[in-house]
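Here's the letter readout for the chains.
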Amino acid sequence: MTHSITKLPAARLRIKEIDLCGWIGQAIPGERLEYHRGFLALDVTEQGTRLAERDRSELVRVARRAWWAAELGLVHLVQRRHGPDDYSYLAIARPKPRHVPASLASFLLQEVA
Amino acid sequence: MSHAISAAELKLLLFEADAQARRLTCRLRLPRAELDDIRQDLLVDLIARLPAFDPERGSLGAFAGLVLRNYATRIAAKIRREREAFGAVPVSLDEEEPGRDGGTRGELTAEEDGLSAWLGQPVDAFATVERRLDTERGLGALERRDGALCAALAHTTVESLAAQGRGSRSSLYRRLKDIRLVLMAHGLEAA
């Protein structure tokens, strides 16, 4: 019995963590950014990645930062399937939260105390 | 020799100082706003030298004229030196701008056109307030320990904090890098 083996498309690092943070900070609600194209779960692992080690480390940071931003309510994270093991990972900007749980003054007072 | 001056002599001194100040401003093409300052400088110098006046050697008018001319020459030399250093056309903030209802240049120059703006300093008060609010919002997004680190760094350095045992230099710099990214994600860029 033979199995067909799908050849994974070549992946590349699209943006760095600092680019993602900059985009999140400036994006208008509804704007979207493709922060990775490929198979993220595979591309971040040392064994399965198609990226150079430095790019893989950066992709790990990008993915973590995207998740962090989603947890803070800054972006929605969605993915679009193009084919086998080929997805677009998208961040969609959300309105910025207005509440301020802490202030500069409180930090400074805490530091003095 | 001291000499008590009468009201008529004082009037003469004021007149001589005024005439010399007008001659000087005219000769140097100084703005009208400078006239009062120059007249005052001339008078102060004249009054300071008045004890040296000897009525037996000449009239008060001649004495005042000599003293005022000497000091006017020194003022003129000083102004010429300043012009050589800073440009041929001096601009005074006290100078009235023509056709602007007597407003001086200092009163009519907008902050955006001022020297601070030219030197790159922020001059927009509204932008400053907005930036402060953005900073408050960005700092609110930090974890408390990171906020405390920012507050500490407002008056000390990473090296000092490391020496105080608040973490190694490398870990403090790593946290700073992370804080910078967090602030950037909240729309704040490094100044």
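Before going into details, it helps to say that this report is about the structure given with it. Worth saying up front: this structure is predicted, and the values here are computed from it rather than measured. (Residues numbered from 1 in each chain as written. Chains lettered and ligands numbered in written order. Predicted model: local features only at pLDDT ≥ 70, side-chain atom pairs only at ≥ 80, totals over all residues.)

**Describing the overall build of chain B**
On a plain count of helices and strands, chain B comes out with 9 helices and 0 strands. Listing the helices and strands of chain B from first to last along the sequence gives α-α-α-α-α-α-α-α-α. Looking at chain B as a whole, 18% of its 191 residues qualify as buried. Put simply, 48% of the contacts in chain B that link residues at least 6 apart link residues at least 24 apart. (Helix = DSSP H or I, 4+ residues; strand = E, 2+ residues; numbered from the N terminus. Buried ≥ 20, exposed ≤ 12 C-beta atoms within 10 Å, placed from the backbone. Contact = placed C-beta atoms within 7 Å.)

**Regarding the sheet that holds strand 1 (residues 32-38) of chain A**
Note on sheets: strands pair through backbone hydrogen bonds, and any given pair is parallel or antiparallel. All names here are of chain A. What the 3 strands build is an open sheet, ordered 1-3-2; its pairing is antiparallel. Edge positions in the sheet fall to strand 1 and strand 2 (75-83), since each of these pairs with one other strand and no more. Shown here is a sheet whose adjacent strand axes are inclined to one another by a mean of 20 degrees, direction ignored. Judged from the 8 bridges that link them, strand 2 and strand 3 (residues 86-93) form a sheet pairing that is antiparallel. Bridge pairing in strand 3 links L77 to A91. Here helix 3 (residues 53-71) sits on the sheet in contact with strand 1, strand 2 and strand 3, set at roughly 130 degrees to strand 2. (Pairing = 2+ DSSP bridges. Axes fitted to C-alpha atoms, helices over the stretch in contact; angles between N-to-C directions.)

**Focus: the environment of Q26 of chain A**
With respect to the helices, strands and loops of the structure, Q26 of chain A is situated in helix 1 (residues 17-26). Distance in space between the C-alpha atoms of Q26 of chain A and A93 of chain A is 9.3 Å, their sequence separation being 67 residues.

**Description of the environment of R32 of chain A**
Residue and element names in this part refer to chain A. Along the chain, R32 falls in strand 1. The exposure class of R32 is partly exposed, given the 15 C-beta atoms found within 10 Å. A sequence separation of 45 residues divides R32 from L77, and the C-alpha atoms of the two residues are 9.5 Å apart. Residue contacts for R32: discarding those within four places in its chain leaves L90, A91 and I92.

**Considerations on the nonpolar core**
Of all hydrophobic cores here, the largest spans 28 residues; its most connected members are L20, I24, A66 and V75 of chain A together with A185 of chain B. Those elements that provide at least two residues to this core are helix 1, helix 3 and strand 3 of chain A together with helix 7 (144-153) and helix 9 (169-185) of chain B. With residues up to four places along the chain from it excluded, the contact list for A185 of chain B reads C21, I24, G25, A69 and L74 of chain A. Counting residues in hydrophobic clusters, the runner-up holds 16 residues, among them L13, A64, L68 and I75 of chain B. (Core = buried A, V, L, I, M, F, W, Y, C linked by C-beta atoms within 7 Å.)

**Details of the pairing of strand 3 of chain A**
Residues and elements named next belong to chain A. In this sheet, strand 3 lies alongside strand 1 in antiparallel orientation, the contact comprising 6 bridges. Residue pairing across strands places G38 opposite Y87, the latter belonging to strand 3. Hairpin geometry of strand 2 and strand 3 is characterised by an intervening segment of 2 residues between the two adjacent antiparallel strands and by a positive phi of about 55 degrees at D85.

**Examining unusual backbone geometry**
Unlike most non-glycine residues, D85 of chain A shows phi in positive territory, near 55 degrees. Note on placement: D85 of chain A falls in the loop between strand 2 and strand 3.

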